[in-house]
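Working through the structure, step by step
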Amino acid sequence: MVCLEGAEAFPGRGAVSRSVRVLAVAFFESAATIFIERGLYFYTHERLGFTGTENLGLALAWGVAYVVGAQLSHGASKRLSEKGLLVLTLLGQVIGHAVLCVWAGPVAVVALAMAIGCIAGLKWPVLESYVAAGRTPKDQAGALGRFNLSWAGAVPLGLVAAGPLIAWRPEALFAAAGCLSIVSLVLARPLPKRLVHLPHDHPERPNTGGMARYRGLLVSARWSMLTGYSLMWILAALLPGVFEGLGVGVAWATALSGLLDVFRFLAFLTLGLWRGWHSRSVPLALVIVGLPAGFFMALFGGDLVMVLGGELLFGAAVGMTYYAALYYAMIVKNAAVDAGGSHESLIGAGFAIGPASGLVGNGLAPAVGGPVVGRLVGVAPLVVVCAIGAAVALVKVVRAGPPT
C-alpha cells in the first residue's frame, strides 16, 4: 500500500481512488508532454522549416532545461510539498501552452519549449514518488509497472494525434496539451499534500548484501538509460527527415515514429508480469547490445522495413533499461523525490547529450564523407563510453555473487 498523509492504515476505497488518480494524471501528462517533447519537432520541421540541425539544437535546449528542473525537484518538493509542486507545474504548463496557441514563432517556440522542459523535469519525479512511496520493494515492482504502462501507453496515442493536429491547425497541438493539463489539475486536487515513506529499517527492505547488488544493477541500468535516451532524442529530432526521405507524409510519419513507443510499452507490460528479471544481470547485458543496434537500424536502415525493425529493437531495449533503473532507484532511495529526480536528470542528460552528439556529427560531415558518417562518428564515443560503464558495473555485480 502507499502510505500517504491522512491515508488509512490498510488499503481501502480511498487509497485505491488515489492510486487511480495518480495513474490517470501520469497518462494525461504523458500525452501532453509528448506533444511538445516529440510532436514539436514535426511542427518545427513542417511549419517553421527547421532543418535537422536546428531541431537537434532545440532538442539540446529542451534537455538542458529538463535536467535543471529534475535537479531542483527534490528541494522544491521539500519547500512546497509534493502536491504543491505538482499543482504549480501543471499550472505552468497550462500557461505555457496557452501562450503557444497565440504565438508560436521560432523565438516563442524555443523559449517556451525550454520553460516547459524545465517544468516537466520538476513534475515527473513527484509523480514517481507518489506511485512508489510507502510500498515494500515487492509492491513497488507492481506499482511501477502500472505507472510505466500508464504513461507509456499515452505516448503512441499522442504521436498518432500530433500529425493530424499539426496538419489541421498548428495551434491545436498546443491547445490539446493545455487541455490535458487542465484535466490533470482536476484529478490532482484530492491528492494528499505530503507523502510518508517506508521506514529504512523495515524488514522487507533489502539487507546490506542485497542493497549492494541493487546499487550495482542501478549503476549499469543508468549507464544504459543514458545511452538509450541520448539516442532516442537523436531519433526524435531526425526521424521526421528519415520518413520524409522515404516518401512518408507527416500524418503517417508521426504515427510510425510512435512504433518505438509501442514496443517500449510492450516491454513494460512483459516486465511487469514477469518478475524473473529482478536482481539479475543478463537482461541488462542484452540491453547494452540492443540499444545501439536498434538505433543504427532505425536511423540508417535505408528502407521502411529496416527503420521499423530498428524501432522495435530499440523500443524493447530502452523499456528494459528504464524500468530497471527506476525500480532499483526507488528501492535504493526508498521512493524519495530525490530518487525520481536523479532518474529524470539522467533522462534529461540524454535529451541534451544525444542532440549535442548529433550536432558534432553534422559539423564533422564535410570532413568524413557526409552527414550519415558524421553522425556515426559523433555518436560513437557516447555509445562506447556508456556501454563500457554499464558492462563494468555488471561485471562487479557478477563477481560479488548473489546476496547472502
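The numbers attached to residues start from 1 for each chain and follow its sequence in the written order. Since the coordinates come from a predicted model, pLDDT governs what is reported: local features require at least 70, and pairs of side-chain atoms require 80 or more to be given and counted, while whole-chain, interface and lining totals use all residues. Note that water and hydrogens are dropped before the side-chain values are worked out from all heavy atoms of the structure.

**Concerning the overall build of the protein**
If you tally the helices and strands in the protein, you get 14 helices and zero strands. For helices the rule is a DSSP run of H or I covering at least 4 residues; for strands it is a run of E covering at least 2, with both sets numbered from the N terminus onward. From first element to last, N terminus to C terminus, the protein shows the α and β order α-α-α-α-α-α-α-α-α-α-α-α-α-α. With the C-alpha coordinates aligned to their principal axes, the bounding extent of the protein is approximately 60 × 50 × 30 Å. Per-residue accessibility, obtained with a 1.4 Å probe over protein chains only, is compared with the maximum for each type, and a residue is labelled buried under 20%, exposed over 50%, and partly exposed between these values. Relative to its full complement of 404 residues, the protein shows a buried share of 57%.

**Section: the nonpolar core**
The criterion is simple. A nonpolar core is a set of buried Ala, Val, Leu, Ile, Met, Phe, Trp, Tyr and Cys residues joined through side-chain atoms within 4.5 Å. Counting 121 residues, the largest nonpolar core has Phe147, Trp151 and Tyr229 as its most contacted members. The greatest single-element share of this core, amounting to 18 residues, is contributed by helix α8 (residues 208-245). Sequence-distant contacts of Tyr229, defined by excluding residues within four places in its chain, comprise Trp151, Arg264, Val318, Tyr322, Ile347, Gly350 and Phe351. The contact definition used throughout considers only heavy atoms, calling two residues in contact when any of these lie within 4.5 Å.

**So, helix α5 (residues 106-132)**
Residue count minus one, scaled by 1.5 Å, sets the expected span of a helix. For α5, which comprises 27 residues, the first-to-last C-alpha distance of 39 Å matches the rise-based estimate of 39 Å (1.5 Å per residue) to within 8%. Positive backbone phi, approximately 80 degrees, marks Gly134, located one or two places after α5.

**Let's talk about the packing of aromatic side chains**
Between 30 and 60 degrees the pair is tilted, below 30 it is stacked and above 60 it is edge-to-face, where a pair is any two Phe, Tyr or Trp rings, Trp via its six-membered ring, whose centres lie within 6.5 Å. Throughout the structure, instances matching the rule amount to 19 aromatic pairs. When the centroid spacing of 5.3 Å and the interplanar angle of 75 degrees are considered together, the rings of Tyr43 and Phe174 count as edge-to-face. Highlighted residues: Tyr43 in helix α2 (residues 39-46) and Phe174 in helix α7 (residues 171-188), separated in sequence by 131 residues. Owing to a relative accessible area of 0%, Phe174 belongs among the buried residues under this scheme. Where Tyr214 meets Tyr328, the ring centres are 5.5 Å apart and the plane angle is 40 degrees; that geometry is what we call tilted. Taken together, the residues span a long stretch of sequence, with Tyr214 in helix α8 and Tyr328 in helix α12 (residues 304-332) at a distance of 114 residues. The residues Tyr214 and Tyr328 share a single accessibility class, namely buried. Each residue in the set Tyr66, Trp151, Tyr214, Tyr229, Phe268, Trp277, Tyr322, Tyr323, Tyr327, Tyr328 and Phe351 is aromatic and connected to the rest through ring pairs, giving one cluster.

**A look at the packing of helix α11 (residues 282-300) against α12**
Every angle, taken between N-to-C directions, lies between 0 and 180 degrees, and every axis is a line fitted to C-alpha atoms, over only the stretch in contact when it is a helix. With their axes 7 Å apart at the nearest point, α11 and α12 run at an angle of 145 degrees to one another. For the pair α11 and α12, the sense of crossing is left-handed. As a working rule, the residues Ala, Val, Leu, Ile, Met, Phe, Trp, Tyr, Cys and Pro are called nonpolar, Asp, Glu, Lys and Arg charged, and the rest polar, with Gly in that last group. Within the contact of α11 with α12, the residues separate by chemical class into 17 nonpolar, five polar and one charged. It is the rotation of the near helix from the far one that decides the hand of a crossing: anticlockwise by less than a right angle makes it left-handed, clockwise makes it right-handed.

**Brief notes about the confidence of the model for the protein**
In this model, the protein carries an average pLDDT of 84, and 91% of its residues clear a pLDDT of 70 or more. Confidence of the prediction at every residue is given by pLDDT, a number between 0 and 100. Within the protein, helix α9 (residues 250-257) has the poorest average pLDDT of any element, 77, and helix α4 (residues 82-102) the best, 94.

**Considerations on unusual backbone geometry**
Within the chain, Ser81 stands out as a residue other than glycine whose phi angle is a positive 85 degrees. In this structure, Ser81 sits in the loop between α3 (52-80) and α4. Although it is not a glycine, Ser279 sits at a positive phi angle of roughly 70 degrees. Looking at the element boundaries, Ser279 is found in the loop between α10 (259-273) and α11.

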